[in-house]
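Residue-level structural notes
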Amino acid sequence: MKPRLLALLLCASATNALAQDTRLDVTLAGIQHARGSIRVGLYADPKTFRKEAQAFAVRQVAAEAGTVRVSFEALPPGRYAIMAYHDEDGNGELNRRFGMFPTEGYGLSNNPVVSGPPAFDDSAFELAAGTAAREIGIDIRY
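Residues numbered from 1 in each chain as written. Predicted model: local features only at pLDDT ≥ 70, side-chain atom pairs only at ≥ 80, totals over all residues. Heavy atoms only, no water.

Before going further, it helps to spend a moment on a nonpolar patch on the surface. Together, F98, M100 and F101 make up a nonpolar patch on the protein surface, roughly 400 Å² of accessible area in all. Its place among the elements puts M100 in the loop between β6 (96-97) and β7 (101-102). Given a relative accessible area of 56%, M100 falls into the exposed group. (Patch = residues over 30% accessible without salt bridge, like charges linked within 9 Å, V, L, I, M, F, W, Y side chains within 5 Å. Areas by Shrake-Rupley, 256 points an atom, 1.4 Å probe, with all protein chains shown as cover. Salt bridge = Lys/Arg side-chain N within 4 Å of Asp/Glu carboxyl O. Helix = DSSP H or I, 4+ residues; strand = E, 2+ residues; numbered from the N terminus. Buried < 20%, exposed > 50% of the residue type's maximum accessible area, 1.4 Å probe, protein only.)

As structure tokens, this is what we get:
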């Protein structure tokens with residue numbers, strides 16, 4: 001093989017590796033019981049953070065006491081944030097007292113301590129180009 005062609009093929013392979021999509025594995029810990037489901041919203045836009053209908057992607061799994069795991073496949077590089085909650089009654093939303101205080105368990109990427117509505121920036125993380133997989137741990141708080 002000619003050196004020029006070999007260099008071109010190596011360069012193309014490196015470019016494909018950099019453009020590779022990433023798998024994100026999310027471990028949710030501290031789930032109190034197995035009633036209902038766990039809903040995990042992945043957000044790529046600060047303006048839509050916490051608005052599940054506008055999430056980049058949503059996963060739902062059966063609740064299990066202790067720990068559950070969900071995955072998001074083929075994510076492009078970028079900045080993301082996660083909000084997860086234990087949908088104990090299966091109504092598809094995080095129940096709140098007085099419209100403000102969560103009455104079901106919830107958690108955020110980076111596990112920030114918040115007072116008031118959580119902000120995208122407090123929970124944001126990067127998925128770097130060329131990373132095949134990344135793991136995130138979230139504590140569910142009741």
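Now, onward.
The subject of this paragraph is the environment of P77. Among the secondary structure elements, P77 is positioned in the loop between β4 (66-75) and β5 (78-87). For P77, a relative accessible area of 38% translates into the label partly exposed. A C-alpha to C-alpha distance of 5.3 Å links P77 and A128, two positions 51 residues apart in sequence. Residue contacts for P77: discarding those within four places in its chain leaves L127, A128 and A129. (Contact = heavy atoms within 4.5 Å.)

As a further point, take the environment of V40. By the element assignment, V40 lies in strand β2 (residues 37-43). A C-alpha to C-alpha distance of 8.9 Å links V40 and E52, two positions 12 residues apart in sequence. Each residue touching V40, except ones within four places of it in the same chain, is listed here: L28, A57, V58, R59, V70, F72, I82, M83 and A84.

Attention shifts here to the packing of aromatic side chains. What the rule picks out here adds up to 4 aromatic pairs. Measuring from ring centre to ring centre gives 5.3 Å for Y43 and F49, while their planes differ by 85 degrees; the resulting arrangement is edge-to-face. Assessed through its relative accessible area of 2%, Y43 is described here as buried. A residue is classified by how much of its surface remains accessible, and F49, at 5% relative accessible area, is buried. Aromatic pair F49 and F120: ring centres 5.8 Å apart, planes at 85 degrees, arrangement edge-to-face. Of this pair, F49 sits in the loop between β2 and β3 (57-62) while F120 sits in helix α2 (residues 120-123), placing them 71 residues apart in sequence. In this structure, F49 and F120 share a single accessibility class: buried. Grouping aromatic residues by their ring pairs yields a cluster made of Y43, F49 and F120. (Phe/Tyr/Trp six-rings, centres within 6.5 Å; stacked < 30°, edge-to-face > 60°.)

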